[in-house]
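Descriptive structure summary
Spelled out from the first residue to the last, the chains are:
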Amino acid sequence: MALSDPSELLPCGTKLGALITQVAEGAPAADPAHQAKCPYCQASLRRIRELWSDVRALADEPVRAPRGLLDEVIARVSGPAGAVTLRDATRGRTQVSEAVLAGVARQIAQAMPAVAFASVLAHAAGSGTVALRVQLVVAYGPSLPVLATAVREQILTHVPRLTGVQVTEVELSVDDLAAPDP
Amino acid sequence: MVVQASDRFLVAAAQAGDLHAFEALVRRHQGAVYRVALRMLGSEVDAEDAAQEALVQAWRSLSTFRGESAFSTWLYRILTNRCLKARAARHPMEALPDVLIDRDSDPAEAVAQSERLRALARGVLVLPADQRAALVLRELEGLSYEQIAQALGVTVPAVKGRIHRARLGLLKASASWR
């Protein structure tokens, strides 16, 4: 156990580990009167402070995730998704994936001023139709029933207009209040 | 709108199958995940590999996350396990990326500091793996002892012991570059 390692003891009997903790954790000195006049403690403290100044500089180094990391991860985890076949297509089928329908509904919901984030799941509900489950994070302020109605109306109006897919239902919940961005 | 969805909301949405919510989580945490991987492994290529594997594994095992710790702590746990495995199979002491230099300071001192920081990062890399993980999470990521204990799956006293030994080891090793 390192706590009893003799190489950790300074000639004055002070434990090196205690001095490191003092610097690294900003802990008070165990024996300030001794420390102030002990050359061994002073020399060790100087070394530790210099090293920890570098440790903090290293911690503050800006390290950014590589540009492609997010895309690689998402590409690897996206599975095959369901799709809705449009009803009135002629001379070939037109399919719109659930992911696209969810994405369109999400954009519509997030365009509403009080909506901070919208999570949307889309389920193909039958020929040419989709059911949507929408969960919102909203900013504190607006009336929730009014907001919910407005979001539902926007989705019911614009999803069919943009995608050709009819929306059978919008299951909507307000699940969280948004925290201000730090 | 300058507001954010909480990790808890995003995790619940991702658990229900919303990949976009998971994407928001990855966007938020990828910097920390990559940073820890880089400090644990030393090479950018290995760090990116480990970060990618950890994030993919996070998606696959999302259903097992019960919210007993913060999502970030849970991610650190997956990542450190991954790094400890990756590390066993590879050579240490690969080249480290150049650290950035503070342009406002004296150029000679800036170069000297940059070299010291590289040596320090290498010094971290040669610590025993369990000590290194605890030290990186404490000194470079600023986690509490409790969070580190959760991330490493050990007790708080064990974490304190590892950090104590790691700090001593680092101080001794620093004699070679300071």
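Just so it is clear, the model here is predicted, and its values are computed rather than measured. (Residues numbered from 1 in each chain as written. Chains lettered and ligands numbered in written order. Predicted model: local features only at pLDDT ≥ 70, side-chain atom pairs only at ≥ 80, totals over all residues.)

A short note on the overall build of chain A
The helix and strand tally for chain A stands at six helices and six strands. The order of α-helices and β-strands along chain A, N terminus first, is α-α-α-α-β-β-α-β-β-α-β-β. Whereas a compact globule of 182 residues would reach a radius of gyration of roughly 16 Å, chain A reaches 30 Å, over 25% beyond that. Principal-axis analysis of the C-alpha atoms places the extent of chain A at approximately 90 × 40 × 30 Å. If you take every contact in chain A between residues at least 6 apart in sequence, the share linking residues at least 24 apart comes to 56%. (Helix = DSSP H or I, 4+ residues; strand = E, 2+ residues; numbered from the N terminus. Rg over C-alpha atoms; globule rule 2.2 N^0.38 Å. Contact = placed C-beta atoms within 7 Å.)

Focus on helix α3 (residues 44-60) of chain B
Across its 17 residues, α3 of chain B extends 24 Å between first and last C-alpha, which sits within 8% of the 24 Å expected from 1.5 Å per residue. Of the positions making up α3 of chain B, those classed as buried are Ala 47, Ala 50, Ala 51, Gln 52, Ala 54, Leu 55 and Ala 58 of chain B. (Expected span 1.5 Å × (residues − 1). Buried ≥ 20, exposed ≤ 12 C-beta atoms within 10 Å, placed from the backbone.)

Quick word on the domain arrangement of chain A
The domain architecture assigned to chain A consists of domain 1 (8-60) and domain 2 (81-177). Relative to domain 2 of chain A, the C-alpha centre of domain 1 of chain A lies at a distance of 60 Å. (Domains from an automatic or database assignment.)

A word on the sheet that holds strand β3 (residues 115-126) of chain A
Residues and elements named next belong to chain A. Ordered by their spatial adjacency, three strands build an open sheet running β3-β4-β5, and the pairing between neighbours is mixed. Two strands lie at the open edges of the sheet, namely β3 and β5 (166-177), each paired on one side alone. Taking the axes of each pair of neighbouring strands and ignoring which way they run, one obtains an average angle of 15 degrees across the sheet. Relative to β5, strand β4 (residues 129-138) is paired through ten bridges, and the arrangement is parallel. (Pairing = 2+ DSSP bridges. Axes fitted to C-alpha atoms, helices over the stretch in contact; angles between N-to-C directions.)

Regarding the environment of Gln 150 of chain B
Residue and element names in this part refer to chain B. Tracing the chain through its elements places Gln 150 in helix α7 (residues 145-152). The buried category is assigned to Gln 150, around which 20 C-beta atoms lie within 10 Å. Spatially, the C-alpha atom of Gln 150 lies 7.8 Å from that of Trp 74, the residues being 76 residues apart in sequence.

What to know about the confidence of the model for chain B
In the predicted model, chain B carries a mean pLDDT of 89, and the fraction of residues at 70 or more is 88%. Scored as a complex, the prediction yields pTM 0.85 and ipTM 0.87. (pLDDT = per-residue confidence, 0-100.)

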